[in-house]
Amino acid sequence: MPITSDHVGRSYPATPAYRVSRAKIAEFATALGDPNPAYFDETSPIAPPTFAAVIAAQAWGAVFEDPELGLALHRTIHADQRFDIVRPLREGDDVVARLTIEKVRNRGNTDMVTIAVALSTAEGEELGTATSQLIHTRPQEER
Amino acid sequence: MKPSDISVGIELPPLDLHLTRSDVVRYAGASTDFNPIHHSDRMARALGLPGVVVHGMWTMGAALRIVTDWVGDPALVTSYFARFTAPVAVPDDDTGTTVQVRARVVAVSDGVATIALEADHDGHKVLGAARAEVRLP
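Along each chain, the written sequence defines residue order, and numbers are assigned to residues from 1. Each chain takes a letter, starting from A, and each ligand takes a number, starting from 1, following the order in which they are written. For a predicted model such as this one, the threshold for reporting local features is a pLDDT of at least 70, and the threshold for listing and counting side-chain atom pairs is 80 or more; totals across whole chains, interfaces and linings nevertheless cover every residue. Water and hydrogen atoms play no part in the side-chain values, which are based on all heavy atoms of the structure.

(A) Up close: helix α1 (residues 21-31) of chain B. Type-normalised accessible area, obtained with a 1.4 Å probe on protein chains alone, sets the label of each residue: buried when under 20%, exposed when over 50%, and partly exposed for intermediate values. Strands are runs of DSSP state E lasting at least 2 residues, helices are runs of H or I lasting at least 4, and numbering of each runs from the N terminus. Along α1(B), the positions that sit buried rather than exposed are Arg21(B), Val24(B), Tyr27(B), Ala28(B), Ala30(B) and Ser31(B). Here, two residues are considered to be in contact whenever any of their heavy atoms come within 4.5 Å of each other. Along its buried surface, α1(B) packs onto α1 (22-31) and α2 (52-65) of chain A together with β1 (15-19), α2 (41-46) and α3 (56-63) of chain B. Residue Thr32(B) follows α1(B) closely and has a positive phi angle near 65°.

(B) Representation of the pattern of salt bridges within the structure. For this document, the term salt bridge refers to a Lys or Arg side-chain nitrogen within 4 Å of an Asp or Glu carboxyl oxygen. Scanning all chains against the criterion turns up 13 salt bridges over all chains. Among the salt bridges present, the one from Arg65(B) reaches Asp34(A), with a minimum N-O distance of 3.9 Å. One end of the pair, Arg65(B), is in helix α4 (residues 65-71); the other, Asp34(A), is in the loop between α1 and α2, on a second chain. Look at Arg65(B) and you get partly exposed, because its relative accessible area is 21%.

(C) Representation of the interface of chain B and chain A within the structure. On the side of chain A, 26 residues touch chain B, which itself brings 26 residues to the contact. Summing both partners gives a buried area of about 2,200 Å² for chain B against chain A, and 60% of it is carried by carbon and sulfur. Of all residues in chain B, the largest losses of buried area upon contact with chain A belong to Ala30(B), Met57(B) and Pro74(B), amounting jointly to 22% of the total for that side. Our count for the contact surface shared by chain B and chain A stands at one salt bridge. If you list the elements that add at least two residues to the side of chain B that touches chain A, you get α1, α3, α4 and β2 (77-84) of chain B. Polar here means any residue other than Ala, Val, Leu, Ile, Met, Phe, Trp, Tyr, Cys and Pro, which are nonpolar, and Asp, Glu, Lys and Arg, which are charged; Gly is therefore polar. Taken together, the residues of the side of chain B that touches chain A break down into 14 nonpolar, eight polar and four charged. Here a strand pair is declared whenever DSSP counts at least two bridges between the two strands. Pairing of strand β2 (residues 76-85) of chain A with β2(B) involves five bridges; the strand directions are antiparallel. Note on β2(B): the bridge partner recorded for Arg82(A) is Phe81(B). Summed over both partners, the accessible area lost on bringing two parts together, with a 1.4 Å probe, is the buried area.

(D) Quick look at the UniProt feature "domain: FAS1-like dehydratase" (unreviewed entry) in chain A. The UniProt entry lists residues 7-126 of chain A under the feature "domain: FAS1-like dehydratase" (unreviewed entry), expressed in the numbering used here. Helix makes up 20% of residues 7-126 of chain A and strand 32%, and the two end C-alpha atoms of the span are 25 Å apart. UniProt positions are given in the numbering used here, feature names are shortened, and annotations may be inferred rather than shown by experiment.

(E) Region of the structure containing a positive patch on the surface. Like-charged residues within 9 Å of one another, or nonpolar side chains (Val, Leu, Ile, Met, Phe, Trp, Tyr) within 5 Å, are grouped into patches, provided each residue has over 30% relative accessible area and no salt bridge. Residue exposure ignores everything except the shown protein chains as possible cover, and the areas themselves are Shrake-Rupley values with a 1.4 Å probe. The sign given to each residue is positive for Lys and Arg and negative for Asp and Glu; His and the chain ends receive no count. One atom stands in for each charge, and that atom is NZ of Lys, CZ of Arg, CG of Asp or CD of Glu. On the surface, Arg83(B), Arg104(B), Lys125(B) and Arg131(B) cluster together to form a positively charged patch. Position of Lys125(B) relative to the elements: it lies in strand β5 (residues 124-125).

(F) Structural view of the packing of aromatic side chains. Two rings belonging to Phe, Tyr or Trp (six-membered ring only in the last case) form a pair when the distance between their centres is within 6.5 Å. Interplanar angles under 30 degrees mark stacking, angles over 60 mark edge-to-face geometry, and anything in between is tilted. Taken as a whole and assessed by the stated rule, the structure comprises three aromatic pairs over all chains. On the basis of an interplanar angle of 65° and a centroid distance of 6.3 Å, the ring pair of Tyr18(A) and Phe51(A) is categorised as edge-to-face. Here Tyr18(A), found in strand β1 (residues 18-19), pairs with Phe51(A), found in the loop between α1 and α2; they are 33 residues apart in sequence, far enough to count as distant. With a relative accessible area of 14%, Tyr18(A) lands in the buried category. Between the aromatic rings of Phe28(A) and Tyr27(B), the centroid separation amounts to 5.6 Å while the plane-to-plane angle is 55°, which identifies the pairing as tilted.

Written out as structure tokens, the structure reads:
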């Protein structure tokens, strides 16, 4: 059975807390080629806005490991990405991610799945949401 | 930048993003996205790509610098959306390739400016409907 709109609203337990570190922020900003001083501040660096994807991606595992959905990462394309930011991630934040299936459309042998990953601190402070549309192609035998 | 300087139609200073294979590998490590289409020509071609392509999330993240350089403080960004419309192939040479980023203010309302971004590579649009919202400083 493929994923269908019946699965909309399904959510998964929070990922283990991810500790945002100065070294990881610097590594990520350098990889983007972005020398903005906010990312390299000596006392309180913030992470680039798209850093949230690093933590959200850890929550993605839940949908690919859910046997009921029949989704496989190697047949999946990342079609679009949205970030809604309450506040920037900072060095020292312990961030947990909760994934919810927000929208599913099936067309032919393609599944279009929107997943929303809510990020908060381990203490419960809301940090933002990373929402992605994934396009999944079902394997031959399920078409 | 003063809020009074910001109005609909303003073009932001353009930004060229240069990248080589080394940058793709660096982003794979930083983001922990090790999909082989980002480091193996063989695996990329098996999926119909011209060769190694950079992560769409790299293009999205690096392009946002046109906005954060302009407002100064990246903490002012409240939302950002982009569709990944075409892959950016990165040749295995010393020159690499370039993505051209342009942006302009398309709305200003309630202390929030909406900025539309365009990113082009090799004559193709690589980000679709890209929009960032920033709180005015």
